[in-house]
Amino acid sequence: EAEVAQSPRYKITEKSQAVAFWCDPISGHATLYWYRQILGQGPELLVQFQDESVVDDSQLPKDRFSAERLKGVDSTLKIQPAELGDSAMYLCASSHSTGNTIYFGEGSWLTVV
Amino acid sequence: DAKTTQPTSMDCAEGRAANLPCNHSTISGNEYVYWYRQIHSQGPQYIIHGLKNNETNEMASLIITEDRKSSTLILPHATLRDTAVYYCIVRGPDYQLIWGAGTKLIIKP
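Now for a description of the structure that goes with this document. Note that residues are indexed from 1 along each chain, following the sequence as it is written. All chains are assigned letters beginning with A, and all ligands numbers beginning with 1, in the order in which they are written. Local features in this predicted model are restricted to residues whose pLDDT is 70 or higher, and side-chain atom pairs enter the listing and the counts only when it is 80 or higher, whereas totals over whole chains, interfaces and linings include all residues. No hydrogens and no water enter the side-chain calculation; it runs on all heavy atoms of the structure.

Residues and elements named next belong to chain B. On the basis of which strands lie adjacent, the open sheet formed by five strands has the order E1-E9-E8-E3-E4 and mixed pairing. For this open sheet the edge positions go to strand E1 (9-13) and strand E4 (45-50), each flanked by a neighbour on one side alone. The average angle at which neighbouring strand axes cross in this sheet is 25 degrees, direction not considered. A pair of strands counts as paired when DSSP detects no fewer than two bridges linking them. Counting from the N terminus, the helices are the DSSP runs of H or I reaching at least four residues and the strands are the DSSP runs of E reaching at least two. Note that strand E8 (residues 84-91) and strand E9 (residues 103-108) share three bridges and pair antiparallel. Residue Tyr86 lies in a different strand from E9, and its bridge partner there is Thr103. Axes here mean lines fitted to C-alpha atoms, for a helix over just the part in contact, with angles spanning 0 to 180 degrees between N-to-C directions.

Take a look at the structure:
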């Protein structure tokens, strides 16, 4: 069964450093999502792509977060500079298109110290 | 805000059917009910979804009441590996998943 691939699985970084997460969606999925999940809460959408275009980034803290999907396939989420409050799990997900079932990767755990 | 209400936690004996309820009294006619689960430290796993008819797949069954104001996810023969947080989500016309707190299901041997 095809899966959403994410890396790294775990990342520890110091406050004010830069950190990046990579995601490879299920092959053929045009829609890609990045979510953030704080421990004990449900996931929160950060950004949604349709192919290489951003569809929704209304909840993305744009002063420090950026996301790109240059060729409409894999994607990178960057945080610079990282803050203590960014400690969370960052989830990538994909769907065939907007409205279809969304499938999630295993997530990338970030700890900022 | 989440459009669903679920019990905070539930227990079920291994081998028995686990029935997880969900209230969604404000659901609109074109909104789907989705179920995901999240095993500790892993990403959410899609289980099943439905609009108004009951649905069944290899993982579970989804029973939606006729007025669509509530639904029940049924895991027919629960195993220890089914211990997880189960999320019931109403997916609206903007297709976004708005997550609530979910139900922590504990399967006991």
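Moving on, we come to the interface of chain B and chain A. In this analysis, two residues are considered to be in contact whenever any of their non-hydrogen atoms come within 4.5 Å of each other. In this complex, chain B contributes 16 residues to the contact, which on the side of chain A involves 22 residues. Across the chain B/chain A interface, buried area totals approximately 1,400 Å², and carbon plus sulfur atoms make up 52% of it. Each salt bridge in this description consists of a side-chain nitrogen of Lys or Arg and a carboxyl oxygen of Asp or Glu lying within 4 Å of one another. Our count for the contact surface shared by chain B and chain A stands at zero salt bridges. Polar contacts, as used here, are pairs of N or O atoms within 3.5 Å; protein pairs need one atom able to donate a hydrogen and one able to accept it. Residues neighboring in sequence count only if both atoms are side-chain atoms. Taken together, chain B and chain A are joined by eight residue pairs in polar contact (both at pLDDT 80 or more). Counting residues per element, the ones that place at least two in the side of chain B that touches chain A are strand E3 (32-38), E4 and E8 of chain B. Top element by residues in the side of chain B that touches chain A is E3 of chain B. It accounts for three residues. Across the side of chain B that touches chain A, the residue classes tally to eight nonpolar, seven polar and one charged. When two components associate, each loses some accessible surface as probed by a 1.4 Å sphere; the sum of these losses over both components is called the buried area. Amino acids outside the nonpolar list (Ala, Val, Leu, Ile, Met, Phe, Trp, Tyr, Cys, Pro) and the charged list (Asp, Glu, Lys, Arg) are all regarded as polar, and Gly is one of them.

Note that side chains of opposite charge can pair when their charged atoms are close. Residue and element names in this part refer to chain B. Under the defined criterion, the tally for this structure stands at eight salt bridges over all chains. Lys3 is the salt-bridge partner of Glu31, the closest N and O atoms lying 2.6 Å from each other. Linking Glu31 in the loop between strand E2 (18-23) and E3 with Lys3 in the segment before E1, this pair joins segments that are 28 residues apart in sequence. Its salt-bridge partner being Lys108, residue Asp11 comes within 3.1 Å of it at the nearest N-O pair. Highlighted residues: Asp11 in strand E1 and Lys108 in strand E9, separated in sequence by 97 residues.

The disulfide criterion is simple: two cysteine sulfur atoms within 2.5 Å. Scanning the entire structure with this criterion turns up two disulfides over all chains. The disulfide partner of Cys23 of chain A is Cys92 of chain A, and the gap between their sulfur atoms is 1.8 Å. The disulfide joining Cys23 of chain A to Cys92 of chain A has a torsion of about -70 degrees about its S-S bond and is therefore left-handed. In this pair, Cys23 of chain A sits in strand E3 (residues 19-24) while Cys92 of chain A sits in strand E9 (residues 88-95), placing the two residues 69 residues apart along the sequence. Here Cys22 of chain B pairs with Cys88 of chain B through a disulfide, and the sulfurs are 2.1 Å apart. Taking the torsion about the sulfur-sulfur bond, which here is approximately -80 degrees, the covalent link between Cys22 of chain B and Cys88 of chain B counts as left-handed. Of this pair, Cys22 of chain B sits in strand E2 while Cys88 of chain B sits in strand E8; the two residues are 66 residues apart in sequence, bridging distant segments of the chain. Each member of the pair Cys22 of chain B and Cys88 of chain B is classed as buried. No disulfide involves Cys12 of chain B; its nearest neighbouring cysteine sulfur is the one of Cys22 of chain B, lying 18 Å away. For every residue, the accessible area obtained with a 1.4 Å probe (protein chains only) is divided by the maximum for its type, and the residue is called buried under 20%, exposed over 50%, and partly exposed between those limits. Here Cys12 of chain B falls in the buried class, since its relative accessible area comes to 11%.

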